[in-house]
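Observations on the three-dimensional arrangement
The lines below spell out each chain.
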Amino acid sequence: MSNNREAASSRRLPARTLAAVGLSLTLFAGVSMAGDKEGAMEMSNGSIIGATCMGCHGFEGKGSGNIPRLAGLSKGVIAGKMLDYKSDGLEGTVMNRIAKGYSDEEIQAVSEFFANQ
């Protein structure tokens, strides 16, 4: 029986991972929404991407510890840094890989989202 418990416990996600997932889902659910012309609710591309950034950059992109704040920086500063990471002009632990996953238009959208926080 203890072998079954050991096997089950080895498959559990670490509490830190669960907390990060929970926080991301909570933030994702709470991002601002805007109605489209048919009256349906739709999240902007910038707010969707912004919700994923908050997992590291903190609630509303306010930063924490060594992770810089994004909220309130100008759109140009945020977009410039993201584009520098994307082109490997800046070194980062994960930001280069993250930035390469976004189109230039998506980078502009998330930069505008955080500039307006």
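Note on numbering: residues in each chain are counted from 1, in written sequence order. Totals for whole chains, interfaces and linings use every residue, but because this is a predicted model, local features are given only for residues with pLDDT of at least 70 and side-chain atom pairs only at 80 or more, for both listing and counting. The basis for the side-chain values is all heavy atoms of the structure; hydrogens and waters are excluded.

On to the overall build of the protein chain. Only DSSP runs of H or I with at least four residues qualify as helices, and only runs of E with at least two residues qualify as strands; both kinds are numbered from the N terminus onward. Counting its regular elements, the protein chain contains 6 helices and 2 strands. By the burial criterion, 23% of the 117 residues in the protein chain qualify as buried. A separation threshold of at least 6 residues defines the contact pool for the protein chain, and within that pool the share at least 24 residues apart is 45%. For accessible areas, the Shrake-Rupley method is used with a probe of radius 1.4 Å. Any residue's cover is judged against the shown protein chains and nothing else. Accessible surface, the protein chain: about 7900 Å² in total, of which carbon and sulfur atoms supply 56%. For every residue, the accessible area (1.4 Å probe, protein chains only) is compared with the maximum for its type, and the residue is labelled buried under 20%, exposed over 50%, or partly exposed between those bounds. Contacts: residue pairs with any heavy atoms within 4.5 Å of one another.

Turning our attention to the nonpolar core. Working definition of a nonpolar core: buried Ala, Val, Leu, Ile, Met, Phe, Trp, Tyr and Cys residues. They are joined through side-chain atoms within 4.5 Å. Grouped together as the largest cluster of nonpolar side chains are 15 residues, with contacts concentrated most on I49, C53, M82, Y102, I107, V110 and F114. If you list the elements that add at least two residues to this core, you get helix 3 (45-57), helix 4 (75-86), helix 5 (95-100) and helix 6 (104-115). In this view, I107 contacts A79, M82, L83, K86, A99 and Y102; residues no more than four positions away in its chain are not counted.

Here we come to the side chain of S111. You can see S111 is positioned in helix 6. Contacts described as polar in this section are N or O atom pairs within 3.5 Å, which, within protein, must combine one atom able to donate a hydrogen with one able to accept it, while residues neighboring in sequence count only if both atoms come from side chains. A polar side-chain atom of S111 sits 3.1 Å from the main-chain amide nitrogen of A79. Discounting residues that sit within four places of it in the chain, S111 has contacts with K75, I78 and A79.

Here we take up the confidence of the model for the protein chain. Residues shown with low pLDDT carry predicted positions that ought not to be read at fine detail. Per-residue confidence from the prediction method is given by pLDDT, with values spanning 0 to 100. In this model, the protein chain carries a mean pLDDT of 76, and residues with pLDDT of at least 70 account for 63%. With pLDDT under 50 throughout, residues 25-42 is counted as low confidence; its partners more than four residues away or in other chains account for 19 contacts.

The terminal C-alpha atoms of helix 3 lie 18 Å apart, and with 13 residues this matches the ideal 18 Å at 1.5 Å per residue to within 8%. Given a residue, its bend is the angle between the two axes fitted to the seven residues that end at it and to the seven that start from it. At A51, helix 3 shows its strongest bend, of approximately 30°. Every buried residue of helix 3 is listed here: G46, S47, I49, G50, A51, C53, M54 and H57. Looking one or two residues past helix 3, G58 carries a phi angle of roughly 85°, positive in sign. For a helix, the expected span equals 1.5 Å multiplied by the residue count minus one.

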